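In case you want the letters, here they are:
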Amino acid sequence: MFNWLKNKLNPIIPDDAKKGFISSNFLTIKNGSKINVPNNIVCFINYKDKNYLQLNEGEYVLNESTLPELCAKQRNHDKKLKKLKLDLYFVNTNELDITYTYKDRIEINSRLAKVTLKINYNCKVTDSKKLFQSILTLEPNPDSITSTIM
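Quick summary incoming for the structure in this document.

Details of the layout of surface pockets
Argument step 1. A volume near 220 Å³ is recorded for the second largest pocket.
Argument step 2. Looking at the second largest pocket, the residues that line it are Thr28, Tyr47, Gln74, Arg75, Asn76, Lys79, Lys80, Leu81, Lys82, Lys83 and Lys85.
Argument step 3. In terms of residue class, the lining of the second largest pocket is built from two nonpolar, three polar and six charged.

Some words on the sheet that holds strand 3 (residues 41-47)
Argument step 1. The four strands lie next to each other as 1-6-3-4, forming an open sheet whose pairing is antiparallel. With partners counted over all chains shown, the strands left at the sheet margins are strand 1 (22-30) and strand 4 (50-55), one partner each. For this sheet, the mean angle separating the axes of adjacent strands, direction not counted, is 30 degrees.
Argument step 2. The pairing of strand 3 with strand 4 spans five bridges and is antiparallel. Opposite Ile45, over in strand 4, you have Leu53 as the bridge partner.
Argument step 3. Of the strands in this sheet, strand 1, strand 3, strand 4 and strand 6 (83-92) are in contact with helix 3 (residues 128-138), which crosses strand 3 at around 50 degrees.

Focus: the pattern of salt bridges
Argument step 1. Summed over the entire model, instances satisfying the criterion amount to three salt bridges.
Argument step 2. The partner of Glu59 in a salt bridge is Lys34, with the nearest N and O atoms 3.8 Å apart. With a gap of 25 residues between them, Glu59 in strand 5 (residues 58-62) and Lys34 in strand 2 (residues 33-37) connect regions that are remote in the sequence.
Argument step 3. Assessed through its relative accessible area of 52%, Glu59 is described here as exposed.
Argument step 4. Between Arg75 and Glu64 there is a salt bridge, with its nearest N and O atoms 2.9 Å apart. Separated by 11 residues along the polypeptide, Arg75 in the loop between helix 2 (68-74) and strand 6 and Glu64 in the loop between strand 5 and helix 2 bring together distant segments of the chain.
Argument step 5. With a relative accessible area of 28%, Arg75 lands in the partly exposed category.

Regarding the side chain of Thr93
Argument step 1. Secondary-structure assignment places Thr93 in the loop between strand 6 and strand 7 (96-108).
Argument step 2. In contact with Thr93, not counting residues within four places along its chain, are Asn40, Ile41, Val42, Lys124 and Val125.

Side note on the nonpolar core
Argument step 1. Judged by nonpolar contacts, the single largest core of 20 residues is most densely connected at Leu62, Leu67 and Leu86.
Argument step 2. Breaking this core down by element, the ones donating at least two residues are strand 1, strand 2, strand 3, strand 4, helix 2 and strand 6.
Argument step 3. Ranked by size, the runner-up nonpolar core spans 11 residues in total, among them Phe21, Tyr89, Val91 and Ile135.

Section: unusual backbone geometry
Argument step 1. Residue Asn40 is not a glycine yet carries a positive backbone phi of 65 degrees.
Argument step 2. Tracing the chain through its elements places Asn40 in the loop between strand 2 and strand 3.

Some details on helix 3
Argument step 1. Taken together, the buried positions of helix 3 are Ser128, Phe132 and Ile135. The buried residues of helix 3 all sit within an arc of 80 degrees when viewed along its axis, so they share a single face. Structural note: helix 3 exposes Lys130, Thr137 and Leu138 on the side pointing more than 90 degrees away from its buried face.

Considering the pairing of strand 8 (residues 111-123)
Argument step 1. Here 13 bridges tie strand 7 to strand 8, and the two strands are oriented antiparallel to one another. Across the sheet, residue Thr101 finds its bridge partner in strand 8, namely Lys118.
Argument step 2. Hairpin connection between strand 7 and strand 8: a loop of two residues separates the two successive antiparallel strands, and Asn109 in this loop has a positive phi of roughly 55 degrees.

Cut-offs used in this document
- Residues numbered from 1 in each chain as written.
- Predicted model: local features only at pLDDT ≥ 70, side-chain atom pairs only at ≥ 80, totals over all residues.
- Heavy atoms only, no water.
- 1 Å grid on protein atoms, 1.4 Å probe; cavity = no way out; pocket = protein on both sides within 12 Å on 5 of 7 lines; lining within 4 Å.
- Points joined across faces, edges and corners; volume = space filled by probe spheres on them.
- Nonpolar A, V, L, I, M, F, W, Y, C, P; charged D, E, K, R; others polar.
- Pairing = 2+ DSSP bridges.
- Helix = DSSP H or I, 4+ residues; strand = E, 2+ residues; numbered from the N terminus.
- Axes fitted to C-alpha atoms, helices over the stretch in contact; angles between N-to-C directions.
- Contact = heavy atoms within 4.5 Å.
- Salt bridge = Lys/Arg side-chain N within 4 Å of Asp/Glu carboxyl O.
- Buried < 20%, exposed > 50% of the residue type's maximum accessible area, 1.4 Å probe, protein only.
- Core = buried A, V, L, I, M, F, W, Y, C linked by side-chain atoms within 4.5 Å.
- Arc of directions from axis to C-beta.

Here it is as structure tokens:
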């Protein structure tokens, strides 16, 4: 009865997925749940630091046919699997503008001068799997802010 409220409070795709390079969500879902991966987002499905599936944009059903190894690992003694524990990582492949501001005192002509450097550049992910693996080695629970700073 209250599944719509539960899904609104704990969505599968985090709100900050398009704000940074990578975002994560650790959750337990019902076997057979649907996931709709938005445009320019790649989803990696992990469990206990092992990658089981990479999903590009589109709608997918997460069940025993799409995740056979993961379901076999989570099944208890020939019982029917009701829920899946997943670690979902979302890599944004859109072009992002990153701006840094750095303030320092530098000696110019034997006097200290205050200098403010503003750096602005555009970045775009070309290989989402390499970015995912490199950020995951540095940060186990990345979000949009920490992935952009790295």
